[in-house]
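Residues per chain are reported as follows:
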Amino acid sequence: MLVGKDLGAIWRSKGTRALLMLLPALLSVGVPLLYSVIISLLPLEGDLSFPPKLAAMLDNPEGYGYRQLWMGAFTTLLCPLLFLCIPIVCSVTAASQILVEEKKSGTLTTLFLSAMDARSLFHAKVTCCTLLSVAISLLSFVAFAITVSVADVSIGAPYFLNFEWIVCLVLLMPVIALFSVVFVSWELPRVQTSGEAMQTMGYLLLPLLLLYLVQFTGIFRITVPFLLGLVLLLAILTVLLFNLSSRQFQPEHFLAQPPED
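The rules we used
- Numbers given to residues run from 1 along each chain, matching the order in which its sequence is written.
- For a predicted model such as this one, the threshold for reporting local features is a pLDDT of at least 70, and the threshold for listing and counting side-chain atom pairs is 80 or more; totals across whole chains, interfaces and linings nevertheless cover every residue.
- The basis for every side-chain value is the complete set of heavy atoms in the structure, and neither hydrogens nor water enter the calculation.
- Secondary structure elements are taken from DSSP: a helix is a run of H or I of four residues or more, a strand is a run of E of two residues or more, and numbering for both begins at the N terminus.
- Relative accessibility decides the category of a residue: with a 1.4 Å probe and only protein chains considered, values under 20% of the type maximum give buried, values over 50% give exposed, and everything between is partly exposed.
- Contact between two residues is taken to exist if any of their heavy atoms lie within 4.5 Å; hydrogens are not considered.
- Each axis is a line fitted through C-alpha atoms, and for a helix only the stretch in contact is used; angles between axes span 0 to 180 degrees, taken between their N-to-C directions.
- Here roughly perpendicular refers to angles of 65 to 115 degrees, roughly parallel to angles under 35, roughly antiparallel to angles over 145, and oblique to all remaining angles.
- Any residue outside Ala, Val, Leu, Ile, Met, Phe, Trp, Tyr, Cys, Pro, Asp, Glu, Lys and Arg is labelled polar, Gly included; the first ten of those are nonpolar and the last four are charged.
- Among buried residues, the Ala, Val, Leu, Ile, Met, Phe, Trp, Tyr and Cys ones that are joined through side-chain atoms within 4.5 Å form a nonpolar core.
- Expected helix span is given by 1.5 Å per residue-to-residue step, counting one fewer step than there are residues.
- The directions considered for the arc are those from the helix axis to the C-beta atoms.
- Ring pairs shown here join Phe, Tyr and Trp side chains whose ring centres sit within 6.5 Å, with only the six-membered ring taken for Trp; geometry is labelled stacked below 30 degrees between planes, edge-to-face above 60, and tilted in between.
- In this scheme, the term charge over a ring applies when either NZ of a lysine or CZ of an arginine sits within 6 Å of the ring centre and within 35 degrees of the ring normal.
- Whether a crossing is left-handed or right-handed is set by the direction in which the near helix is turned from the far one by less than a right angle, anticlockwise for left-handed and clockwise for right-handed.
- At every residue, the bend is computed as the angle between two fitted axes, covering the seven residues ending there and the seven beginning there respectively.
- In protein, a polar contact requires one atom able to donate a hydrogen and another able to accept it; more generally it is a pair of N or O atoms within 3.5 Å, and residues adjacent in sequence count only if both atoms are side-chain atoms.

1. Re the overall build of the chain
Part 1 of the argument: Within the chain one finds 10 helices and 0 strands.
Part 2 of the argument: Principal axes of the C-alpha set define a box for the chain whose edges measure 70 × 35 × 25 Å.
Part 3 of the argument: By the burial criterion, 51% of the 261 residues in the chain qualify as buried.
Part 4 of the argument: Taking all contacts inside the chain whose residues are at least 6 apart in sequence as the whole, residues at least 24 apart take part in 80%.

Now the structure itself:
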């Protein structure tokens, strides 16, 4: 019942609903589609070449032209960044709506006075935000896979799916979604509005942006062992933050705060 109420609150908020629908569509379909169109318009003749450092980071680059290699570099080296931004955005947006907005409106205070204990209430809200974020991310990946597969076939580029993508989809994406929700819940006593909570998105996106943009320069390559290590690190941090957030998610931290008009 609580999860259904929270999902209904997210759906009734036009701004939240639009953000959860439009931004994943832009990142998973809009940007790859625009890039593939631009790549397909590149001239076949001329002195254009592909950077050797980037070519060395691709799987089996031999036999492809620079147009195909640029498409392969985009889908292999940069698109995982776009995809992993989706669970962060969705998790922070959902958590801001059903945690911070309920705190601001006083609904959270009412829930604390119900028969449900604080720990169960916290678990239900974290589960709701995480599952919603994972579901949107999976749908976004399906849309992305269809878009990029058509582009790869039309351009003749190597197929994008590899072991790094599988690790990102199966392991890293759910962990990032959960970590982002727990991060917002950890900040809950210190933020007063959903706008302040949304600002925490920057702390989560910046390390990811730096990591993948540095890779795109050809300095290093994100590999499966690196991703597995990142999953383990985030899992440990998530457990620690989850326990801290669960302990501070108590009525005495919120009952004394009157709802804002």
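2. Some remarks on the packing of helix 1 (residues 2-12) against helix 2 (residues 14-40)
Part 1 of the argument: Look at helix 1 against helix 2: their axes get within 5 Å of each other, and the N-to-C directions meet at 90°. Regarding the angle of helix 1 to helix 2, the classification is roughly perpendicular. Every residue of helix 2 that contacts helix 1 at I10, W11 and R12 is listed here: K14, T16, R17, L20 and M21.
Part 2 of the argument: Taken together, the residues of the contact of helix 1 with helix 2 break down into 4 nonpolar, 1 polar and 3 charged.

3. Side note on the nonpolar core
Part 1 of the argument: Among the nonpolar cores identified, the biggest contains 76 residues, and L84, I88, F141, L172, Y212 and F249 are the most heavily contacted of them.
Part 2 of the argument: Of all the secondary-structure elements, those providing two or more residues to this core are helix 1, helix 2, helix 4 (66-105), helix 5 (107-112), helix 6 (118-155), helix 7 (163-187), helix 9 (201-216) and helix 10 (224-248).
Part 3 of the argument: It is helix 4 that contributes the most residues to this core, 19 residues altogether.
Part 4 of the argument: Beyond its immediate sequence surroundings of up to four residues, Y212 is in contact with L77, P80, L81, L84, C168, I222 and L227.
Part 5 of the argument: With 9 residues, the next largest nonpolar core counts L54, M57, L58 and A73 among its residues.

4. Comments concerning helix 9
Part 1 of the argument: Along its 16 residues, helix 9 runs 22 Å from first to last C-alpha, staying within 8% of the 22 Å computed at 1.5 Å per residue.
Part 2 of the argument: Within helix 9, the full set of buried residues consists of M201, L204, L205, L208, L211, Y212 and Q215. The arc that holds the buried residues of helix 9, viewed along the axis, is 130°, so those residues lie on one side.
Part 3 of the argument: Its buried side turned inward, helix 9 meets helix 4, helix 7, helix 8 (194-199) and helix 10.

5. Thoughts on the packing of aromatic side chains
Part 1 of the argument: In total, this model carries 14 aromatic pairs according to the counting rule given.
Part 2 of the argument: Summarising the aromatic geometry, the rings of F83 and F141 are spaced 5.6 Å apart at their centres and angled 65° between planes, so their arrangement reads as edge-to-face. Taken together, the residues span a long stretch of sequence, with F83 in helix 4 and F141 in helix 6 at a distance of 58 residues. We note that F83, like F141, is buried.
Part 3 of the argument: One aromatic cluster in this structure is built from F83, F141, F144, Y159, F160 and W165.
Part 4 of the argument: Directly above the ring of W11 sits R17, whose terminal nitrogen or CZ lies 4.8 Å from the centroid.

6. Regarding the environment of R247
Part 1 of the argument: Residue position: R247 is located in helix 10.
Part 2 of the argument: Classification of R247 by relative accessible area gives exposed; the value is 56%.
Part 3 of the argument: Along the backbone, R247 and F112 are 135 residues apart, and their C-alpha atoms lie at a distance of 14 Å.

7. Thoughts on the packing of helix 6 against helix 10
Part 1 of the argument: Look at helix 6 against helix 10: their axes get within 9 Å of each other, and the N-to-C directions meet at 130°. Relative to helix 10, the element helix 6 lies oblique. Helix 6 and helix 10 meet at a crossing whose hand is right-handed. Residues R119, F122, H123 and V126 of helix 6 pack against F242, S245 and S246 of helix 10.

8. Remarks on helix 7
Part 1 of the argument: Its 25 residues place the ends of helix 7 34 Å apart at the C-alpha level, agreeing with the 36 Å of an ideal helix rising 1.5 Å per residue.
Part 2 of the argument: For helix 7, the principal kink sits at L172 and spans about 45°; a proline, P174, occurs within the next four residues.
Part 3 of the argument: Sitting at the amino-terminal end of helix 7 is N162, which places a side-chain oxygen 3.2 Å from the backbone nitrogen of E164.

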